[in-house]
Amino acid sequence: MTLLSAALAADTSAPSGGGGGYSMFLILALAVVAFWFMSRRTRKQQAAQREFRNELAPGDEVMTASGMIGTVVEVAGDRVTLEAEPGGGRTQWVLAAIAKRMDPPVEDDVVDDEDVDDDDAAASDADRIARANDAVIDVPNDLSSLDKRRDDDTGTSK
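The residue count restarts for each chain, going from 1 along the sequence in the order it is written. Local features in a predicted model are, by the rule used here, given only for residues with pLDDT of at least 70; side-chain atom pairs are given and counted only at 80 or more, and totals for whole chains, interfaces and linings are based on all residues. The basis for every side-chain value is the complete set of heavy atoms in the structure, and neither hydrogens nor water enter the calculation.

## Comments concerning the packing of aromatic side chains
Inclusion rule: Pairing of aromatic side chains here covers Phe, Tyr and the six-membered ring of Trp, requires ring centres within 6.5 Å, and sorts the geometry by plane angle: under 30 degrees stacked, over 60 edge-to-face, intermediate tilted. Type-normalised accessible area, obtained with a 1.4 Å probe on protein chains alone, sets the label of each residue: buried when under 20%, exposed when over 50%, and partly exposed for intermediate values.
Applying the stated criterion across every chain yields a total of 1 aromatic pair. For the ring pair Trp-36 and Phe-37, a centre distance of 5.1 Å and an interplane angle of 65° mean the geometry is edge-to-face. When its relative accessible area of 43% is taken as the criterion, Trp-36 is described as partly exposed. The exposure class of Phe-37 is partly exposed, given its relative accessible area of 47%.

What follows is the structure in structure tokens.
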């Protein structure tokens with residue numbers, strides 16, 4: 001207790017040289033600069049979203065903020081009409097609910113058969129699955145058919 005009261009007495013008895021106002025101004029200036037940089041980044045993101053939404057056109061595949069994926073059928077003011085599947089039902093969304101444009105999947109480059117031997121040709125997924133199913137491993141349902149366990153250090157059976 002005496003140590004704490006001595007420390008408090010030392011703080012209150014120390015003369016203040018006016019540096020407190022300067023340090024408070026410096027902290028305030030840093031906070032304003034940090035706030036400005038954060039709001040600048042947010043404004044850039046909002047401008048990019050606004051530009052994206054203004055460029056929406058029929059035929060674009062988009063995803064809404066709730067996760068629905070659909071094709072833009074019509075853009076009228078602040079409303080967008082989406083079609084979930086070709087010939088399916090249409091739904092209207094507020095333009096702000098459109099989160100992002102869905103890019104079409106990238107197709108693999110087609111390899112000419114003349115340039116690649118049959119052994120080196122990349123197999124399709126279906127071919128790889130079919131070959132994997134050919135090499136089925138027979139697993140016994142009990143331990144009686146397994147070999148006796150051996151000691152790896154000596155190579156002898158236990």
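Picking up where we left off.
## Description of the pairing of strand 4 (residues 90-94)
Going by this rule: Any two strands with at least two DSSP-identified bridges between them are counted as paired. Helix and strand definitions here come from DSSP, where helices need a minimum of 4 consecutive H or I residues and strands a minimum of 2 consecutive E residues; each element is numbered from the N-terminal end.
As defined by bridge partners, strand 3 (residues 79-83) adjoins strand 4 across 5 bridges and the pair is classed as antiparallel. Counted as the bridge partner of Arg-79 is Val-94 from strand 4. Remark: 6 residues form the turn of the hairpin made by strand 3 and strand 4, two consecutive strands paired antiparallel; Gly-87 in that turn has positive phi of roughly 80°.

## Details of the pattern of salt bridges
The test is simple: Should a side-chain nitrogen of Lys or Arg be within 4 Å of a carboxyl oxygen of Asp or Glu, the pair is scored as a salt bridge.
The tally for this structure, following the rule as stated, stands at 2 salt bridges. The salt bridge involving Asp-60 is made with Arg-101; its shortest N-O contact spans 3.4 Å. Taken as a pair, Asp-60 in the loop between helix 2 (19-54) and strand 1 (61-64) and Arg-101 in strand 5 (residues 98-101) lie far apart in primary sequence, 41 residues in all. Accessibility expressed as a relative area gives 32% for Arg-101, which makes it partly exposed. Notably, a salt bridge pairs Arg-90 with Glu-83, separated by 3.5 Å at the nearest N-O pair. Since its relative accessible area comes to 54%, Arg-90 is described here as exposed.

## Description of a nonpolar patch on the surface
The condition is simple: In this scheme, patches are assembled from residues that exceed 30% relative accessible area and form no salt bridge. Like charges are connected within 9 Å, while nonpolar side chains (Val, Leu, Ile, Met, Phe, Trp, Tyr) are connected within 5 Å. All accessibility values rest on the Shrake-Rupley procedure with a 1.4 Å probe; residue burial counts only the protein chains present in the view.
A surface patch of nonpolar side chains, amounting to about 310 Å² of accessible area, comprises Val-33, Trp-36 and Phe-37. With respect to the helices, strands and loops of the structure, Val-33 is situated in helix 2.

## Comments concerning the sheet that holds strand 1
This is how it is decided: Note on definitions: angles span 0 to 180 degrees between N-to-C directions of axes, and those axes are lines fitted to C-alpha atoms, for helices only across the stretch in contact.
Ordered by their spatial adjacency, 5 strands build an open sheet running 4-3-2-1-5, and the pairing between neighbours is antiparallel. Only two strands of the sheet have a single neighbouring strand rather than two, namely strand 4 and strand 5. On average, each strand axis in the sheet is inclined to that of its neighbour by 45°, with strand direction left out of account. In terms of strand pairing, strand 1 meets strand 5 through 3 bridges, oriented antiparallel. Residue pairing across strands places Met-63 opposite Lys-100, the latter belonging to strand 5.

Keep in mind that these numbers describe shape and distance, not what the molecule does.
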